[in-house]
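Given next are the chains, with one letter for each unit.
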Amino acid sequence: MIDTNRLDCQSPEAASPWAGHRQGSAGYRRVLAALACAGVATFAQLYSLQGLLPMVSRDLQVTAAQASLTVSVATVGLAVAVLPWSFAADRWGRVRIMGLAVILATILGLLVPLAPSFEGLLVLRALEGAALGGIPALAIAYLTEEVSPRHASAAAGAYVAGTTLGGLFGRLLAGPVADMAGWRMGTLAVSLCAAAAAAGFLLLAPRPRGFVPARTDGFGAVLGKLLPPLRNAQLLALYAQAFLLMGAFVSVYNFLGFRLEAPPYLFPASAVALLFLAYLAGTVTSRLVAGIANRWGRRNVLLASTGAMVAGLAMTLAAPVTAILAGLILFTAGFFGAHSIASGWTGSLATSGRAQAASLYNLSYYAGSSLIGWSAGLVFQRFGWGVMAGALGVLAALAAGLAVALLPAATSHAPDHPRPGA
């Protein structure tokens, strides 16, 4: 049995501050492995229904936009919960709170296939999302406290890449199982694998050495930690990137399955699940962009990634399946490149309340997933794929405009040398 009290107690070893695990060390590998397990447990469950939405729509007799609510309510729950989780972690420790979150989420995920109605399914998904909020809310803060500042950006890129694999795994597993036994068994299979991943996180996470518990403050003082990031125009620009780009990204994956299951394509659920192999392009770009940003600057790479998203969207307007798939790959690579840059930049721009700044980014990220991911379905149902893709392209262009207006054109290339709290 794991002693979480021991895990979250700061070592009284030396008076010198903790310098962090260095790249290649056993501690560094354990941090990344633990976060990879947490990412699988989180993102496999969060999006396990995304590739099954046409099946949910038919089985529960709801529209495409209504079916997409099974994803949106989960991300709403996550968005609402990230700040409370971050405040709890400031007091009781990142590992302890992340462990609690992943256990609760796994229990709720196992209950989802038993939902007796569409309304019951939405309630369970919202609660599951709220529990899952404890992982992305704390992962980057935990990482920056435990990994050497020199290697924090590379570690953050590895974490983002790991989340893409988690999301991919859940979708690829759910589709074939659902084809054979229905969408409920598809989600059950994902939840069982998430339970194993949750156990992996608890076993692998090394004893925290960079965490310093926050003093017990009043509610007003706790909320005051949100004010510095909300007054920072550059952080607000990054939050806008999260909201707009994630909203566009989720919308494409929510509704492309409906397009391809209809004539003339007639894809089965298992074939729709294979679309998510495009996530591997995101796994690659998440790891590459930090090094490219060191040479060309964060803003330039962010804008180039957003441009790739728009170009990929344009390619999906073509009729041939090969063009649609090529566009999806380019779109996905661009999104994860932009997300990796923006999420890492958030941590280095936060001068105080690092966990809260990261949580506001995640709140924006999942609020975009929820609101845009649902409302795009209304556009898709009424006007079709072409109009929806055009609207999403406008959102991406708006994100790029805000980046140009508010983010610095050149940086000191801090990705390799971020300083916690600086």
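Shown above is the structure to which this text applies.
Our subject in this report is the structure included herewith. (Residues numbered from 1 in each chain as written. Predicted model: local features only at pLDDT ≥ 70, side-chain atom pairs only at ≥ 80, totals over all residues. Heavy atoms only, no water.)

### Some details on the overall build of the protein
What counts here: Secondary structure elements are defined from DSSP: runs of H or I of at least 4 residues count as helices, runs of E of at least 2 residues count as strands, and each element is numbered from the N terminus. Each residue is assigned to one of three classes by its accessible area relative to the maximum for its type, calculated with a 1.4 Å probe on protein chains only: buried under 20%, partly exposed between the two thresholds, exposed over 50%. Each accessible area value is a Shrake-Rupley result obtained with a 1.4 Å probe; residue values ignore everything except the protein chains displayed when judging cover.
When helices and strands are counted, the protein shows 18 helices and 0 strands. When burial is assessed residue by residue, the protein has 58% of its 422 residues classed as buried. Per element, the accessible surface of the protein, about 16,000 Å² overall, is 69% carbon and sulfur.

### A short note on a nonpolar patch on the surface
Heads up, the rule is: Residues enter patches when their relative accessible area tops 30% and they take part in no salt bridge; the joining distance is 9 Å for like charges and 5 Å for the nonpolar side chains Val, Leu, Ile, Met, Phe, Trp and Tyr. By definition here, a salt bridge exists when the distance from a side-chain nitrogen of Lys or Arg to a carboxyl oxygen of Asp or Glu is within 4 Å.
Residues Ile103, Ile107, Leu111 and Leu114 make up a contiguous nonpolar surface patch of roughly 370 Å² in combined accessible area. Within the fold, leucine 111 resides in helix 5 (residues 94–111). Judged by its relative accessible area of 37%, leucine 111 falls in the partly exposed class.

### Quick notes on the packing of helix 12 (residues 233–261) against helix 16 (residues 321–349)
We apply this condition: With axes taken as lines fitted to C-alpha atoms, and helix axes fitted only over the stretch in contact, angles between N-to-C directions fall between 0 and 180 degrees. For classification purposes, an angle smaller than 35 degrees is called roughly parallel, one larger than 145 roughly antiparallel, one from 65 to 115 roughly perpendicular, and anything else oblique. Rotating anticlockwise by less than a right angle from the far helix to the near helix defines a left-handed crossing, while the corresponding clockwise rotation defines a right-handed one. Note that Gly is not counted as nonpolar here; it falls among the polar residues with everything else outside the nonpolar set of Ala, Val, Leu, Ile, Met, Phe, Trp, Tyr, Cys and Pro and the charged set of Asp, Glu, Lys and Arg.
One way to put it is that helix 12 packs onto helix 16 with a least axis distance of 10 Å and a crossing angle of 155°. As the angle between them shows, helix 12 and helix 16 are arranged roughly antiparallel. For helix 12 against helix 16, the interelement crossing comes out left-handed. Grouping the amino acids of the contact of helix 12 with helix 16 by side-chain chemistry returns 20 nonpolar, 3 polar and 1 charged.

### Quick look at the side chain of serine 48
Put simply, the rule reads: Between N or O atoms, a polar contact is any pair within 3.5 Å; within protein, one atom must be a potential hydrogen donor and the other a potential acceptor, and residues adjacent in sequence are included only when both atoms are from side chains. Throughout, a contact is declared for two residues whenever any of their heavy atoms are within 4.5 Å.
Mapped onto the secondary structure, serine 48 falls in the loop between helix 2 (26–46) and helix 3 (53–60). A distance of 3.2 Å separates a polar side-chain atom of serine 48 from the backbone oxygen of glutamine 45. Ignoring any residue separated from it by four or fewer positions in sequence, one finds serine 48 in contact with Arg125, Ala174, Thr187 and Val190.

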